[in-house]
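For reference, the chains in residue letters:
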Amino acid sequence: MRVRPSFDPDPPVSTPLTLRELSCADDYDPNSMPVDKAREYIRTFLTPVTATERVHVRAALGRVLAEEIRSPIAVPGHDNSAMDGYAVRFDDLSANAAVTLKVTGTVFAGKAAALTMGTGEAIRIMTGGVLPVGADTVVMQEVATRDGDTVTVPPLAEAKIRTRGLNTRKAGEDLKVGSVALQRGARVNPAELGLIASLGINEVTVYRKLRVAFFSTGDELRSIGEALGPGEIYDSNRYTLYGMLTRLGCDIIDMGVIVDTAEAVEAAFATASGMADVVITSGGVSVGEADYIKAVLDKLGEVLFWKIAMKPGRPLAYGKLGAAHFFGLPGNPVSVMVTYYQFVREALLTLAGQTRLPPLPTFRAVLRTPIKKAPGRTEFQRGIFAQDAEGTCSVTVTGDQGSGILSSMSQANCFIILGPATGNVAAGETVEVQMFEGMI
Ligand code: AMP
Ligand code: MG
């Protein structure tokens, strides 16, 4: 079938690193695509799901809103107190003298009908209580002195009253009636669940979940429960993928281990692309004799690119299998996680309908252990990020960075990202880190 010319290796003029500079690198490969370019390229092929469903607010956690949510009510619905204390008129208070006011009533949160109060009066009020008509400020109970049916408020500064309106919350200050509370395409996290509930809404429209089928390839792979023969290993990639995809909120279809024959890979591709929006495989994307993924994808679908200038994870296939998106991840367990987090995650969120995808935040940290690196590609080393009592952020490399050492991902709490222009980095230099937590 049609194969797109993989990628134009001529970088745009604005690219800071020129091909000539890159070619100085010992492992420079003119067909490999820079990480940013690959991400950008994938983005242009992503068409989000459109089917929707109505779900109860709790079931919307982790889903993507398919409707804009406007507030049917003002939140809060009335001016109310932000403190336990006394509702007063700001003009009754004095900057340089204590004033004594007559307490004419009490307001509890949630009790109907606002009370009215006049000059020289105060009303005892609890947090959330409706502000009495005539009151504009609340004095905290801690600074007021109650004596029978009067209360004495010290001078303004001592009463911690800087301005009129202090310790009160205005009707509609969170949301006005009819205002947009949440945009279509927003992911529902705990804050959004609470926000939806605060509007009294109990059902929302979300996009259907993305269906993701995945399988591992390799004659050497055994599944849990099977005995290992000589030279065999347990399949771990299906478990890291299971974890990452489940956390992202996808419906998953685990197709198991597929043996290294063109026929088996072809049959698995046909089944997977018939039932999923996205097909993810691991292994078999290199140029070894048992690596069939690219050849079969060429035959059944469309390969868009398959070499990225990065480590780990250089062979990465992206393409289309019919309507399904295809990611052929490398076989090495660390490479699977790195390529998933750096490319697949963002693509899946977009396909699931999420519209605003801010780049994952990165921090600067002082490198504690030196790193050897050749320029020309982006490296994602595994690091342990820490902050000391003075607030200095530092990061330590987790020892051996081999792409098969999955324990490095478990020990680490961040990636140390070293861009293509970076070479060796000495201890004490500053590097960019990206925390695992937050990648979901
Ligand atoms: P491949 O890309 O198929 O050549 O695989 C590269 C390396 O990753 C080999 O050492 C494989 O044994 C290993 N590998 C491939 N798939 C898996 C898997 N599902 N779980 C653990 N290791 C794997
Ligand atoms: Mg293999």
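Scroll up to find the structure.
Rules used throughout
Residues numbered from 1 in each chain as written. Chains lettered and ligands numbered in written order. Predicted model: local features only at pLDDT ≥ 70, side-chain atom pairs only at ≥ 80, totals over all residues. Heavy atoms only, no water. Helix = DSSP H or I, 4+ residues; strand = E, 2+ residues; numbered from the N terminus. Rg over C-alpha atoms; globule rule 2.2 N^0.38 Å. Buried < 20%, exposed > 50% of the residue type's maximum accessible area, 1.4 Å probe, protein only. Areas by Shrake-Rupley, 256 points an atom, 1.4 Å probe, with all protein chains shown as cover. Lys, Arg positive; Asp, Glu negative; His and termini not counted. Charge placed at Lys NZ, Arg CZ, Asp CG, Glu CD. Phe/Tyr/Trp six-rings, centres within 6.5 Å; stacked < 30°, edge-to-face > 60°. Near = heavy atom within 4 Å. Polar contact = N/O pair within 3.5 Å; in protein donor to acceptor, adjacent residues only side chain to side chain. Contact = heavy atoms within 4.5 Å. 1 Å grid on protein atoms, 1.4 Å probe; cavity = no way out; pocket = protein on both sides within 12 Å on 5 of 7 lines; lining within 4 Å. Points joined across faces, edges and corners; volume = space filled by probe spheres on them. Nonpolar A, V, L, I, M, F, W, Y, C, P; charged D, E, K, R; others polar. Pairing = 2+ DSSP bridges. Axes fitted to C-alpha atoms, helices over the stretch in contact; angles between N-to-C directions.

**Details of the overall build of the chain**
Step number 1: Counting secondary structure elements, the chain contains 8 helices and 26 strands.
Step number 2: In summary, the chain has a C-alpha radius of gyration of 30 Å against a globular reference of 22 Å for 440 residues, an excess of more than 25%.
Step number 3: Among the 440 residues that make up the chain, the fraction classed as buried is 47%.
Step number 4: Only carbon and sulfur atoms are counted for the fraction: they give 54% of the accessible area of the chain, which is about 20,900 Å².
Step number 5: Within the chain, the 48 negative side-chain charges are centred at a point lying 4 Å from the centre of the 43 positive side-chain charges.

**Remarks on the packing of aromatic side chains**
Step number 1: Tallied over the full model, the rule gives 12 aromatic pairs.
Step number 2: Centre to centre, the rings of Tyr 41 and Phe 305 are 6.1 Å apart; their planes meet at 40°, and the pair counts as tilted. In this pair, Tyr 41 sits in helix H2 (residues 35-43) while Phe 305 sits in strand S18 (residues 302-307), placing the two residues 264 residues apart along the sequence.
Step number 3: Of the residues examined, Tyr 41 reaches a relative accessible area of 24% and is grouped as partly exposed.
Step number 4: Since its relative accessible area comes to 2%, Phe 305 is described here as buried.
Step number 5: Both rings, one in Phe 305 and one in Tyr 318, keep their centres 6.1 Å apart while their planes meet at 35°; by these two values the pair is tilted. Linking Phe 305 in strand S18 with Tyr 318 in strand S20 (residues 315-321), this pair joins segments that are 13 residues apart in sequence.

**What about the site of ligand 1?**
Step number 1: Taken together, the neighbourhood of ligand 1 is formed by 15 residues, with Glu 220, Asp 235, Ser 236, Asn 237 and Gly 284 sitting nearest.
Step number 2: For ligand 1, an oxygen atom lies 2.5 Å from a polar atom in the side chain of Glu 220.
Step number 3: One nitrogen or oxygen atom from the side chain of Asn 237 is found 3.2 Å from a nitrogen atom belonging to ligand 1.
Step number 4: Expressed as a share of its isolated accessible area of 480 Å², the protein-covered part of ligand 1 is 77%.

**Remarks on helix H6 (residues 293-300)**
Step number 1: Those residues of H6 lying buried are Ile 293, Val 296, Leu 297 and Asp 298.
Step number 2: Against strand S13 (211-217), helix H5 (262-275), strand S17 (278-282), S18, S20 and strand S21 (324-329) lie the buried residues of H6.

**Details of the layout of surface pockets**
Step number 1: Each pocket or cavity is described by its volume, and for the second largest pocket that value is around 360 Å³.
Step number 2: Lining the second largest pocket are 20 residues; nearest its centre among them are Arg 187, Asn 189, Gln 354, Arg 356 and Pro 358.
Step number 3: For the lining of the second largest pocket, the secondary-structure elements that each account for two or more residues are strand S11 (180-182) and helix H7 (333-351).
Step number 4: Taken together, the residues that form the lining of the second largest pocket break down as 9 nonpolar, 7 polar and 4 charged.

**Comments concerning the sheet that holds S17**
Step number 1: Read across the open sheet, the 6 strands follow the order S16-S13-S17-S21-S20-S18; overall the sheet is mixed. Two strands close off the open sheet at either side, each with one partner strand: strand S16 (251-258) and S18. When strand polarity is set aside, the average angle formed by the axes of neighbouring strands in this sheet is 15°.
Step number 2: Of the strand pairs in this sheet, S13 and S16 are connected by 6 bridges, and their pairing is parallel. Bridging across to S16, Phe 214 finds its partner in Asp 254.
Step number 3: Docked against the sheet, helix H4 (residues 237-248) engages S13, S16, S17 and S21, running at close to 165° with respect to S13.
Step number 4: The strands touched by H7 within the sheet are S13, S17, S20 and S21, with S21 carrying the most contacts at an inclination of about 170°.

Everything listed here is a matter of coordinates, which is why it stays silent on function.
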